[in-house]
Amino acid sequence: MKPSINIPTTSLQDYLSTCSELCVGNHPLKHIEKLVSRTPFYAYDRQLIINRVLQLTNTLPKEISLHYAIKANPYPSLVQLMAAQVSGFDVASKKEMLLAIQTGMPAEKISFAGPGKTAEDIEAAIIAGVTLHVESSGEIAKVKLAANQLKLKANIAIRVNPKFELKSSGMKMSGGAKPFGIDEEQIPQILIDLPLEQINLRGFHIFAGSQNLNADAIISAQQQTFALAEHLVELTKQITTVKIDYLNIGGGFGVPYFANEQALDVGAIADNLQALINQYKTLVTGLDLILELGRYLVAEAGIYVCKVVDKKVSRGTNYLVCDGGLHHHLANSGNFGQVIRKNYPVVIGNKLNHNERELEQVNIVGPLCTPLDILADKIMLPKASLGDYIVVFQSGAYGASASPKDFLSQPQVSEVLL
Ligand SMILES: Cc1ncc(COP(=O)(O)O)c(C=O)c1O
């Protein structure tokens, strides 16, 4: 039975209004520290991830299959949890592919996208039965060669670089010249040249961008995606005898990281998807329609926690120096694609019920000897003491795995799913 759509909490930040002590999976921070032995750590809340996926699948049209892009958070226990929540995985490397397969996710539900796949990646995907999302004609040639050598047929989908872009996106990945996908105007020739003896063409992948909080922009991109897909499927029929079995419409759902940002209006996107499914009935009948999301499913269920190890005042500015920073959480430091650095939501995890009069403005920094190692800048927090927990919310995606963990050879960060 599907639970009700009104699942109360899908974000760790929501707990703040209801509890005096921050907990993940009902464990207070001081206990989590003991579980993982020390700070710094990432903690991910299993139930919030489940809630988020349920809320989304209850909102989206039933024709949509939800896939998880492992790059957002490849922590093995989390990926294993995801295997039971979503219909498929998108992987971006051979290592992610092996992780995906070992969760028990069927190979035909796993796609392998990304430019620059090596012969080794391609062979492994063919052996595993995973679908390669080809990004260039050169990659198709490599797939043909590998399939010939292995005497196995390769499953592929063509990743298309459409002419349109996903407007107001944190990261634009389509439109104009891009290293991702094959330009849509090149697709007819690609279909003519497709080595169908070695290759099984399964579908098209149209991924326009990432970290988008503007529902209208996503709706517009999805409208253009369906129109382009209809054209591509028609071309495929004209040029080949292939009947494709899936269409990956990309994703791009963002999460609010900064004070002025609003949560994405997923209801509006779901309504539009339903309208598109009705409008393109002939196209979508018999096709698996895949929505591929990473951060939206996991970012708000994770926190990064480090400890205050020193307090100092430099020419009137208060500094809290912590045992963690940029080397564990590059995105929070502002060095992972931000143009102007802004603070993620940060609290002192053991001082949630503070007295307003005891607030002080602080700069929170990490232990690295570089001005880039910032955890929070000019932020008002309760007066901190040595040993306090600095907690960074919205940290369940592009955290540990997206950070230069060996930079300055500081201790590594732990991760735990609770
Ligand atoms: C092909 C592809 N799929 C999925 C994603 C995941 O994006 P997000 O985590 O923003 O949902 C990305 C991000 O770069 C991507 O390139």
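Residues numbered from 1 in each chain as written. Predicted model: local features only at pLDDT ≥ 70, side-chain atom pairs only at ≥ 80, totals over all residues. Heavy atoms only, no water.

## Thoughts on the site of the ligand
So the rule is basically this: We define proximity as follows: a residue is near a molecule or strand when any one of its heavy atoms falls within 4 Å of that partner. Any N or O atom pair separated by 3.5 Å or less is treated as a polar contact, with the protein-specific requirement of one donor-capable and one acceptor-capable atom, and with residues adjacent in sequence counted only for side-chain atom pairs. Using the Shrake-Rupley algorithm and a 1.4 Å probe, accessible areas are obtained, with residue cover drawn only from the displayed protein chains. Counting from the N terminus, the helices are the DSSP runs of H or I reaching at least four residues and the strands are the DSSP runs of E reaching at least two.
Contacts to the ligand come from 14 residues, most closely from Ser210, Glu292, Gly294, Arg295 and Tyr398. At 2.8 Å from an oxygen atom of the ligand is found a main-chain nitrogen or oxygen belonging to glycine 294. Between arginine 295 and the ligand, the recorded distance is 2.8 Å, taken from a side-chain N or O atom to an oxygen atom. The protein chains hide 94% of the 390 Å² of surface that the ligand would expose on its own. Listed by contribution, the elements that provide at least two residues to the shell around the ligand are strand 12 (209-212) and strand 14 (288-293).

## What about the pattern of salt bridges?
Heads up, the rule is: Here, a salt bridge means any side-chain nitrogen of Lys or Arg that lies within 4 Å of a carboxyl oxygen of Asp or Glu. Whether a residue is buried, partly exposed or exposed follows from its accessible area with a 1.4 Å probe, protein chains only, as a fraction of its type maximum: under 20%, in between, or over 50%, in that order.
Enumeration according to the criterion identifies 11 salt bridges in this entry. When the shortest N-O distance is used, the salt bridge between lysine 351 and aspartate 388 registers 2.7 Å. Here lysine 351, found in the loop between strand 17 (346-348) and strand 18 (359-365), pairs with aspartate 388, found in the loop between strand 19 (374-382) and strand 20 (389-392); they are 37 residues apart in sequence, far enough to count as distant. On the basis of relative accessibility, which here comes to 23%, the residue lysine 351 falls in the partly exposed class. Note on aspartate 388: relative accessible area 5%, which makes it buried. Aspartate 406 is the salt-bridge partner of lysine 405, the closest N and O atoms lying 3.6 Å from each other. Look at lysine 405 and you get partly exposed, because its relative accessible area is 43%.

## Section: the domain arrangement of the chain
The condition that has to hold: Boundaries of every domain are those given by an automatic assignment or by a domain database. What counts as buried area is the accessible surface, traced by a 1.4 Å probe, that two parts surrender upon association, with contributions from both included. The classification used treats Ala, Val, Leu, Ile, Met, Phe, Trp, Tyr, Cys and Pro as nonpolar, Asp, Glu, Lys and Arg as charged, and all other residues, Gly among them, as polar.
Here the chain is partitioned into domain 1 (106-293) and domain 2 (300-417). Inter-centroid distance (C-alpha atoms) of domain 1 to domain 2 is 37 Å. At the boundary of domain 1 with domain 2, total buried surface from both sides reaches about 660 Å², with 60% on carbon and sulfur atoms. Three residues, Pro256, Tyr257 and Phe258, lead the burial of domain 1 against domain 2; their summed loss comes to 72% of the area buried on that side. Applying the counting rule to domain 1 against domain 2 returns zero salt bridges. Residue composition of the side of domain 1 that touches domain 2, grouped by class: five nonpolar, no polar and no charged.

## Overview of the environment of valine 305
Defined as follows: Contacts: residue pairs with any heavy atoms within 4.5 Å of one another.
Structurally, the position occupied by valine 305 is in strand 15 (residues 302-314). Note on valine 305: relative accessible area 0%, which makes it buried. Considering only alpha carbons, one finds valine 305 and leucine 29, 276 residues apart in sequence, at a separation of 8.4 Å. For valine 305, the contacting residues outside a window of four places in its chain are Leu29, Thr39, Pro40, Phe41, Tyr389, Ile390 and Val391.

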